[in-house]
Every structure is written in C-alpha cells, then in structure tokens.
Amino acid sequence: MTSWDLKVLKSKYHIIIIGCGFAGLAAADILTRYNLDVLIIDENPHLGGQLLRKISTLKQTKKKFELDPIKKIGFELARSIAGQNIDILYTTQVLGLFPDHRILMVDHSEKIVECQGDFIICATGAREKYLPFKGWTIPGVMSTGAAQILMKSSGVLPAKTTLVGGTGPLQLALAAAILQNKGRVSAVLDQQNFKDKFGILHLWQHNLPKIIEGAIYLSRLFLQGTPIRQRTGIAEAIGKNQLEKVVTAQLDDQNGFIQGTERIYNTHALAVGYGFTPNIELPIQAGCDIKFDKKKGGWIVCVNEDTMETSLSAFFAVGEITGIAGAKKSYIEGRIAAWSILNQMELVNGSKNKANLRLLYYQRQHQIEYGAFLNAMCNVSDSAYQSIDDDTIICRCEEITMGDIRKTITDGFLTVNSIKKTTRCGMGLCQGRICGPVLFDILSGITHGHPGQIGEPSVRSPIKTVPLGAFLRANNKTEMK
Amino acid sequence: MVSHMPAIVVIGGGVIGTSVAHYLACKGAKVTLLEKGDLASGSSGACDGLIFIQSKKPGVHLQLALASLELYEELYKELPGHIEFKKSGGMVIFETDAEFEAMCGYIQDQQATGIDVSLLNTNQALKKEPYLSKHIKGATFFPLDAQVNPIALTLGFALSAKQNGARIITRTIVKGIKIQNNRVSSVQTDQGDFNTDVIINAAGANASEIAAMVGINIPITPRRGQIVVTQAVKPILKHCLISAKYIAAKYHPALAKEKGEGISMEQTQNGNLLLGSTREFAGFNKQNTPEGITRIIEQTTRIIPELKKLHVIRTFAGLRPYTPDSLPILGQVDHPKGFVMAAGHEGDGIALAPITGKLIAQMILTGKTDIPLDAFAVDRFQLQKETT
C-alpha cells in the first residue's frame with residue numbers, strides 16, 4: 001500500500017530498501033513477488049530517482065518515445081511497484097543506521113520514525129561534483145543537474161540564454177534539452193578534448209542507444225549553430241546579486257588559463273557539471289568498509305561483487321554507491337542483491353539462482369566498462385585544483401576560501417579531517433556534502449597523497465539535518481514530557 | 001631531575017599533550033610530540049568548550065581550575081590563531097526542588113572557599129538568560145565561568161610548541177617503550193624509534209594502554225560523551241549552562257540515579273550550539289546512539305524550548321578519560337624513572353589543560369611545582385586498594 005500515514009508502518013520488515021532509483025526499483029521488483037514484508041524509503045515524493053524525476057507528471061501526458069529502453073523499463077517498474085501491496089515512505093530522510101539494523105528516519109511531517117529490517121538494501125545513488133571557480137556562488141550559476149531539474153520538474157528554462165560548461169558528456173544532453181525547450185545556449189564548454197568522447201565508439205556493442213542519443217544531441221547543437229569549445233574552462237563568473245557575465249579561457253597543458261584566449265559571455269545562467277560522486281554517507285555512518293577507486297568515481301562502498309553484501313552482514317549496497325556507471329548497472333545490481341537475499345532466505349532454488357546471477361554478472365561487466373569511460377570523461381585533472389584562485393570560496397556554508405585552505409596545507413595539515421578542524425571547511429549546514437569531495441580533490445591535487453592518507457570521509461548521524469523538535473515527536477516514545 | 005636539558009617525548013596530540021608540549025617548548029626543552037591520528041582527533045576534538053569553575057569540587061580540584069583560568073587570560077593573547085576564549089559566565093539550572101536543596105548545600109561549600117557563586121530565583125535567571133523555560137526553579141551564577149574552542153586551543157598549543165622548536169609528529173603509532181637501568185630510554189613506533197629521557201603519557205582514554213607498556217596498571221577507562229551540534233544561529237545563549245543534574249551526577253549519586261545524566265549547553269562564537277553530554281561506559285565504542293541523542297535533546301529543549309526549531313547538523317562522541325575519583329593522574333611514577341602521567345581528566349580536560357601543561361613542565365624542568373601534585377599521584381589508587 002502506498003502510504004503517507006505512518007500508522008501502518010510495521011516495526012520490523014524482512015527487507016528495507018533505502019533509495020528507490022533504478023537499483024532500488026530493480027530489487028523491489030523481484031522481492032515483491034515473494035510475499036515478503038518490504039519497505040521502501042525514498043527522500044523524493046516519487047519513485048525512480050534522478051532519471052525518472054518526471055514520472056508524476058508523465059501519468060497525465062501522453063506516452064513519449066524513449067530511445068533508451070532502460071528508461072521505459074524504469075517508468076513501468078516505478079508504476080507497477082507504487083501500485084503493489086508494499087509500504088512506501090516518500091519524502092522520508094534516513095538519519096542513520098544503528099546496531100541490529102535499526103533505521104532512524106524523519107518523515108514528511110518532520111517526525112522521527114524508527115524501524116528494523118532483517119535485510120537492508122542501500123541504493124542511495126550519486127550527486128554532482130563541483131570544481132569551484134571565482135564567483136561560483138553567485139545566483140544564476142547552477143549545476144547541470146539543477147538546470148535539468150528546472151526543465152524536467154517545473155518546465156522552466158534556466159534563463160533565456162544559458163552557458164553550459166564543465167566536463168563529461170552530460171553538458172551535451174543538457175544543451176540539447178535547452179534547445180528542445182526553445183531556449184538558447186551561448187556555447188558548450190568542455191574542460192577536456194571533445195574527441196575523447198568518441199572513445200565510447202569502442203564500447204558500441206553494449207551502448208548503442210547512448211551513442212545514438214549522443215549523435216542526436218550533437219546534431220541538434222550543430223543545426224542551431226551552438227559552438228562547442230573544447231579545452232575551455234570557466235575563469236570567473238561575475239555579477240552582484242545575479243549572474244551577469246562569465247569569463248572563459250582556453251586551458252594549457254597544466255590546466256592554467258592561456259592569456260589572450262578569454263571570452264566574455266553575457267548570460268544570466270551558467271550550468272556546470274563535473275561528474276558525480278557516490279552518496280555513501282549512510283554506509284559510512286553505518287560502519288561499512290569503503291575504498292577509493294578513481295575509475296569508479298572516487299570513494300565507494302566495498303561489496304562482495306557476487307552478492308552485493310557489504311562488510312556489514314545483511315546490509316547490501318547497490319547502484320552508483322558501488323561505482324558510478326549509470327542506470328543500467330544500478331538496475332543489474334539491484335537484481336543481484338535481490339536474488340542474493342532470496343538465496344540467503346532460502347526462498348529460491350540454488351541452481352536456478354546461479355543461472356540468473358551469471359547472466360547479470362556478464363551484463364554488469366559491460367556497464368562497469370562504460371562507467372570507467374564516463375568517469376574518465378568527467379575527470380578533472382589535479383592541476384585544475386592547484387590553479388584555483390585564492391579568493392575562490394570552497395566551503396559555501398562557512399565561507400572558507402581556497403587561500404585559507406592553501407595556508408593550512410602550508411602549515412602542515414594534510415588530511416581532510418585536520419583541515420576541516422582547522423578551517424571549519426565542511427562543518428556547515430550542508431554537512432560538507434558539497435565541499436567535502438572538493439576538499440579531498442584539492443588535497444589530492446596539491447599533495448599527491450595517497451587517498452588513504454588524505455583521509456576517508458567521515459560521517460556521523462544525522463546524515464541530513466533535522467530539527468531538534470523532531471526527536472520529541474518520535475512515535476515510539478512512551479515517556480515524553 | 002636531569003641536569004642537562006632532557007629529551008622529552010609527549011605521547012598524545014590532544015589538548016593535554018599539546019599543552020604540555022607548549023609549556024615545555026616555551027622553556028626551551030627538546031620536545032617531540034607523537035600522535036597516532038591527527039591533532040585533536042580524539043576526545044579534544046569531540047567535546048564542548050566549557051571552562052566551568054563553579055562545578056569543581058572545593059579543594060585542590062578547584063584550586064587547579066582557578067589557576068588554569070588565570071593562564072587562559074594569557075594564552076588567549078599568546079597562542080597563534082584565535083582560541084575563542086570568552087568569559088561568558090556560567091549558570092547551573094535547577095528544575096526540581098530536590099535539586100534546589102542539593103545545590104544550596106553545594107553553594108555554601110563553594111562560598112566558604114571564596115568562590116563568589118550567587119543564587120538566582122526563576123525571574124532573576126530568566127532576566128540573565130531570556131530563552132530559559134519558565135518552569136525552572138532557579139539557577140546559580142558564577143561570572144568567571146568561561147568557554148573556549150577546544151580544537152582551536154589544541155591546534156594553538158601545537159603550533160606554538162612547533163614555533164618554539166618542538167617536533168609535532170602525527171599519524172605515528174606508539175608500539176612499545178624501552179626501559180634501561182630502570183629508566184625509559186626510547187619510544188618505539190611504527191615510524192621508527194625515538195630516544196628519550198622523559199616520556200609523558202598524555203594519551204587520554206588510551207593512557208592505560210601506554211602505561212601498560214612500562215608495566216603500570218592505571219585505572220583510566222574510556223567514558224563516552226555524546227554531543228549534539230545545531231546549525232549556527234544568532235545569539236540565543238549568553239552564558240554557559242549546565243543542569244544541576246550534571247553536578248549531581250558527579251557528586252551526589254542519589255540524584256544521579258534519576259533519568260538523564262545532566263546536560264551542558266554553550267553557543268560557540270560561530271553561532272552553533274553544542275549540547276551535551278552523555279556519560280556512558282561503552283568501551284572504546286565512539287558511535288552515537290539514538291537513545292543518547294534523544295536524551296540530550298529531551299533535556300536541553302526542556303530547559304531552552306527555543307532549541308526545538310533549530311536543526312541538528314551533526315552529532316559526535318568523544319571518549320573521556322575517566323578515573324574512579326574524578327581527578328586526573330599527574331606526575332612522575334615511581335618506576336620506571338622518566339615516565340610521567342598527564343591524563344585522566346575526564347570532562348575537565350579543556351578546563352585544566354593549561355595548568356596541567358604548566359605544572360608538568362615545571363616538574364620536569366625544575367623538580368618543583370606551583371601547586372603540589374601529591375593529590376594526583378598514580379599511587380593513590382594502589383593505596384586505596386591496600387586500605388580497603
């Protein structure tokens with residue numbers, strides 16, 4: 001039953017799925033066939049995660065043709081699961097996982113709720129990464145994802161004319177989407193060489209829809225005469241209360257700006273993206289082992305790849321948090337985790353299960369290759385972090401600048417945690433969600449230290465902020481004053 | 001002790017270890033500080049910054065605290081960086097008549113030792129601290145209670161020590177201690193050996209482990225203190241607050257049996273409120289628990305209802321080095337020579353760090369201390385054992 005009413009929440013479930021994007025959906029799809037108590041928790045008001053953000057409005061509009069079959073599968077899954085006899089908590093934020101698989105969360109009415117699961121599947125996805133530049137905090141500068149959400153959810157263009165920059169293939173998709181929505185794109189800037197993107201052609205057998213999609217985007221840009229400027233970065237965003245103009249420049253081999261190549265774009269919107277970082281806050285807080293793997297997008301959760309179980313027993317991690325590679329890998333890993341759990345519960349025939357899994361392992365391998373390509377595309381080189389200007393703000397909440405951080409590094413503080421303590425970088429309201437990965441990359445770029453030396457990210461509950469009053473409204477308290 | 005300038009190794013980069021290093025280095029001593037993680041990565045980076053004087057037991061404990069407070073006045077100007085020292089004044093809040101009665105006796109003891117603690121009724125307390133709940137029964141007030149930023153303090157001590165020639169070596173794990181002729185001779189670490197004449201055990205909750213390396217059994221055990229941090233907001237609290245239960249939990253076991261261990265509250269210079277603290281024996285487990293967090297929030301929001309609207313942005317827990325009599329273990333041990341204790345401050349580490357550093361440095365370099373350390377000797381526990 002789809003429910004906003006927590007009275008129906010059981011205190012214990014067989015399986016709790018945290019995050020219901022593609023990975024969570026895929027797991028739920030299998031698990032719901034076995035008459036188990038399943039609870040889905042998602043911070044969004046809909047299922048399907050980032051890719052299916054539009055699902056709520058899609059019900060009313062006529063069916064749209066989707067080139068990539070994965071999206072169609074996702075839409076159908078999300079619809080079918082939302083209609084099943086399982087508990088779903090929308091707009092609910094998990095605050096932490098505690099011993100005995102107790103999950104503490106805060107619901108849409110800002111009330112703390114607790115429940116327990118025999119098995120937990122963590123599928124919390126990824127978020128965007130940033131490369132700070134002068135003026136990146138001015139209103140009008142937004143992430144590629146934020147610009148996409150504006151158009152997808154609200155049908156609003158970022159501005160009449162948008163400048164798109166950063167790394168990775170997503171700027172193309174965004175620029176094409178802006179054009180399709182009758183907006184204008186002043187240019188698409190790419191920190192890297194554009195020709196590297198053709199590297200995907202080597203992976204054509206398993207990624208044909210993506211290649212065709214890319215070709216369509218490119219042709220759309222071409223038809224509109226939108227320039228694509230490669231090896232070009234953003235030097236500065238300028239504006240008082242609103243973005244007014246953006247200075248860009250070509251990059252030399254060291255990723256420094258080449259003097260004399262500056263261009264000025266008069267624009268009210270700048271959308272930038274530099275790839276993704278896994279949302280591993282919950283697994284870290286819970287105590288799962290993590291490791292650094294650049295090819296997989298940075299710090300990821302360690303799993304037994306045959307089962308997706310983490311270092312914590314009966315706690316599974318699937319999707320982007322085990323390596324950034326997009327929806328298909330998430331979909332496959334969600335299924336692997338579901339079959340592994342059913343196997344542990346002795347609800348499936350062992351040999352049949354093995355056959356299911358073998359096919360999934362094979363399919364996943366190709367998606368991991370695609371992921372490595374994607375992450376290489378989005379990669380920002382060390383020298384780009386070295387050349388961040390001293391005045392540039394790194395921690396938006398506490399207003400810590402690159403100069404503050406550079407000075408602290410010179411003083412001999414070489415770890416993320418020591419710099420956090422010295423400068424307060426990452427101690428603000430966003431809990432370091434934005435600047436945490438940036439600080440890691442800065443340190444790694446400047447000191448060339450080993451990821452383990454620079455320091456694993458550390459996370460404490462609550463994983464997202466919550467009013468103190470929510471703890472007083474907890475539903476399972478008997479002796480409240 | 002040693003006629004020439006001795007080589008000294010301080011084990012532990014928390015507030016006590018860095019304070020000792022600072023006071024030694026300022027006198028020109030050859031100091032090496034070894035820390036297994038980062039500076040302030042243990043309890044000193046996971047605590048509040050209260051320098052509460054009125055909560056100290058009258059006697060030598062209070063004497064230490066007052067001497068420490070005096071040092072803060074200098075440190076605040078001398079140490080590099082900004083340690084955010086502020087004499088905000090402190091209030092102990094009573095919520096019940098029983099607490100009120102217990103505290104009246106306590107105040108008389110304090111006043112008898114010359115500590116000018118005043119008693120406020122509900123209205124007077126509300127006038128001083130307008131966001132207090134009207135249900136409180138009253139409060140005590142002491143103008144000299146203060147607060148500091150414990151991390152900035154630790155880093156300030158360390159930087160000052162470094163500027164005065166000390167070596168600060170982090171990410172180095174002490175594996176063993178070599179003894180020759182009944183004297184410490186070197187500290188063995190995963191980064192090599194450090195020859196030394198004197199070793200100062202300032203390893204906080206891990207001090208027992210270090211002492212065991214020279215065959216000494218000390219009763220320091222970790223006691224977990226969980227703390228809740230709110231978002232930064234405009235000033236809500238003018239003073240540092242603790243609930244009467246906090247003192248009761250320390251000195252009046254009968255009151256401590258009631259639910260909750262008593263709480264403390266302060267607003268940092270940055271505007272965040274630090275709400276603490278649990279006092280739990282959970283081994284070396286530094287996890288926060290939903291029960292611990294909820295207990296702190298229930299008690300603090302009851303005293304300052306305005307807090308309900310604020311967001312929790314973080315929780316953390318530190319392991320306070322607990323001793324059975326709530327006093328630190330300070331000074332030279334009988335055997336081996338050159339092994340000095342500076343640990344076991346439990347929740348008083350921040351308040352007592354400056355005086356601890358100063359006295360330990362005096363003892364090592366001159367053999368004499370401004371305040372006698374006898375009451376803090378490690379053998380007090382052995383003596384107790386023998387008499388019971």
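The rules behind each value
Residues numbered from 1 in each chain as written. Chains lettered and ligands numbered in written order. Predicted model: local features only at pLDDT ≥ 70, side-chain atom pairs only at ≥ 80, totals over all residues. Heavy atoms only, no water. Pairing = 2+ DSSP bridges. Helix = DSSP H or I, 4+ residues; strand = E, 2+ residues; numbered from the N terminus. Axes fitted to C-alpha atoms, helices over the stretch in contact; angles between N-to-C directions. Contact = heavy atoms within 4.5 Å. Left-handed = near helix turned anticlockwise from the far one by under 90°. Nonpolar A, V, L, I, M, F, W, Y, C, P; charged D, E, K, R; others polar. Phe/Tyr/Trp six-rings, centres within 6.5 Å; stacked < 30°, edge-to-face > 60°. Buried < 20%, exposed > 50% of the residue type's maximum accessible area, 1.4 Å probe, protein only. Lys NZ or Arg CZ within 6 Å of the ring centre and 35° of its normal. Domains from an automatic or database assignment. Buried area = accessible area lost by both parts, 1.4 Å probe. Salt bridge = Lys/Arg side-chain N within 4 Å of Asp/Glu carboxyl O. Polar contact = N/O pair within 3.5 Å; in protein donor to acceptor, adjacent residues only side chain to side chain.

**Brief notes about the sheet that holds strand E11 (residues 228-230) of chain A**
Residues and elements named next belong to chain A.
- Read from one edge of the open sheet, five strands run E8-E15-E9-E10-E11, paired in parallel fashion. Both edges of this open sheet fall to strand E8 (141-143) and E11, since each of them pairs with a single strand only. When strand polarity is set aside, the average angle formed by the axes of neighbouring strands in this sheet is 20°.
- Both strand E9 (residues 161-166) and strand E10 (residues 184-190) contribute to a ladder of four bridges, which runs parallel. Among the inter-strand pairings, Thr 161 is bridged to a residue of E10, identified as Arg 184.
- Strands in contact with helix H5 (residues 170-180) are E9, E10, E11 and strand E15 (269-273); relative to E10, the strand with the most contacts, it is inclined by about 175°.

**Some thoughts on the packing of helix H1 (residues 22-31) of chain A against helix H8 (residues 327-344) of chain A**
All names here are of chain A.
- Running from N to C, H1 and H8 cross one another at 35°; their axes reach a closest spacing of 7 Å. The handedness of the crossing between H1 and H8 is right-handed. Contact with H1, carried on its side by Phe 22, Ala 23, Ala 26, Ala 27, Asp 29, Ile 30 and Leu 31, involves Ala 327, Ser 330, Tyr 331, Gly 334, Arg 335, Ala 338, Trp 339 and Leu 342 of H8 and no other residues of that element.
- Grouping the constituent residues of the contact of H1 with H8 by class yields eleven nonpolar, two polar and two charged.

**Considerations on the packing of aromatic side chains**
- Evaluation of the coordinates by the stated rule reveals ten aromatic pairs over all chains.
- Centre to centre, the rings of Tyr 23 of chain B and Phe 157 of chain B are 6.4 Å apart; their planes meet at 50°, and the pair counts as tilted. Of the two residues, Tyr 23 of chain B is situated in helix H1 (residues 15-26) and Phe 157 of chain B in helix H5 (residues 150-163); the sequence distance between them amounts to 134 residues.
- Among the residues examined, Phe 157 of chain B registers a relative accessible area of 0% and is labelled buried.
- Here the aromatic rings of Phe 281 of chain B and Tyr 322 of chain B are separated by 4.9 Å at their centres, their planes lie at 80°, and the arrangement is edge-to-face. Taken together, the residues Phe 281 of chain B in the loop between strand E16 (273-276) and helix H9 (290-303) and Tyr 322 of chain B in strand E17 (residues 311-322) connect sequence positions 41 residues apart.
- Among the aromatic side chains, those forming a connected cluster through ring pairs are Phe 292, Trp 299 and Phe 440 of chain A.
- The side chain of Arg 396 of chain A reaches across the aromatic face of Trp 136 of chain A, ending 4.9 Å from its centre.
- Just above the ring of Phe 141 of chain B sits the side chain of Lys 128 of chain B; from NZ or CZ to the centre is 4.2 Å.

**Examining the pairing of strand E5 (residues 102-106) of chain A**
Residues and elements named next belong to chain A.
- Of all five residues in E5, five are buried; the element is thus mostly enclosed.
- Taking every second residue as pointing to the same face, both faces of E5 are buried, with Arg 102, Leu 104 and Val 106 on one and Ile 103 and Met 105 on the other.
- As defined by bridge partners, strand E4 (residues 93-98) adjoins E5 across five bridges and the pair is classed as antiparallel. Bridge pairing in E5 links Val 94 to Met 105.
- What sits between the antiparallel neighbours E4 and E5 is a turn of three residues, in which Asp 100 has the positive phi angle 65°.

**With respect to the domain arrangement of chain B**
Residue and element names in this part refer to chain B.
- For chain B, the assigned domains read domain 1 (7-45 + 151-220 + 325-387) and domain 2 (90-143 + 221-322).
- Between domain 1 and domain 2, the contact holds twelve residues from the first and twelve residues from the second.
- Both sides of the domain 1 and domain 2 interface together cover about 1100 Å² of buried area, and 50% of this is carbon and sulfur.
- Contact with domain 2 buries surface across domain 1, with Ser 43, Ala 205 and Glu 346 losing the most and accounting together for 52% of the total.
- Between the two partners, domain 1 and domain 2, sit two salt bridges.
- Its salt-bridge partner being Arg 223, residue Glu 346 comes within 2.9 Å of it at the nearest N-O pair.
- Joining domain 1 to domain 2, the criterion identifies five residue pairs in polar contact (both at pLDDT 80 or more).
- By residue class, the composition of the side of domain 1 that touches domain 2 is three nonpolar, seven polar and two charged.

**Quick notes on the pattern of salt bridges**
All names here are of chain A.
- Tallied over the entire structure, the rule returns 26 salt bridges over all chains.
- Its salt-bridge partner being Lys 12, residue Asp 118 comes within 3.4 Å of it at the nearest N-O pair. You can see Asp 118 sitting in strand E6 (residues 112-122) and its partner Lys 12 sitting in strand E1 (residues 12-18), a full 106 residues away along the chain.
- Judged by its relative accessible area of 43%, Lys 12 is partly exposed.

**Here's the deal with H1 of chain A**
- A large share of H1 of chain A lies buried, amounting to ten of its ten residues.
- Those residues of H1 of chain A that fall on the buried side of the exposure criterion are Phe 22, Ala 23, Gly 24, Leu 25, Ala 26, Ala 27, Ala 28, Asp 29, Ile 30 and Leu 31 of chain A.

**Quick word on the sheet that holds strand E10 (residues 183-189) of chain B**
Residue and element names in this part refer to chain B.
- Ordered in space as E9-E10-E11, the three strands form an open sheet in which the pairing is antiparallel. The open sheet terminates on both sides in strands that have one partner only, identified here as strand E9 (174-180) and strand E11 (192-195). Strand-to-strand twist of the sheet, defined as the mean angle between neighbouring strand axes without regard to direction, takes the value 25°.
- In the sheet, E9 pairs with E10 via six bridges, with the strands oriented antiparallel. The partner of Gln 180 across the bridge, within E10, is Arg 183.

**Structural notes on the side chain of Ser 326 of chain B**
- As for its placement among the helices and strands, Ser 326 of chain B is situated in the loop between E17 and strand E18 (329-332).
- For Ser 326 of chain B, a relative accessible area of 19% gives the class buried.

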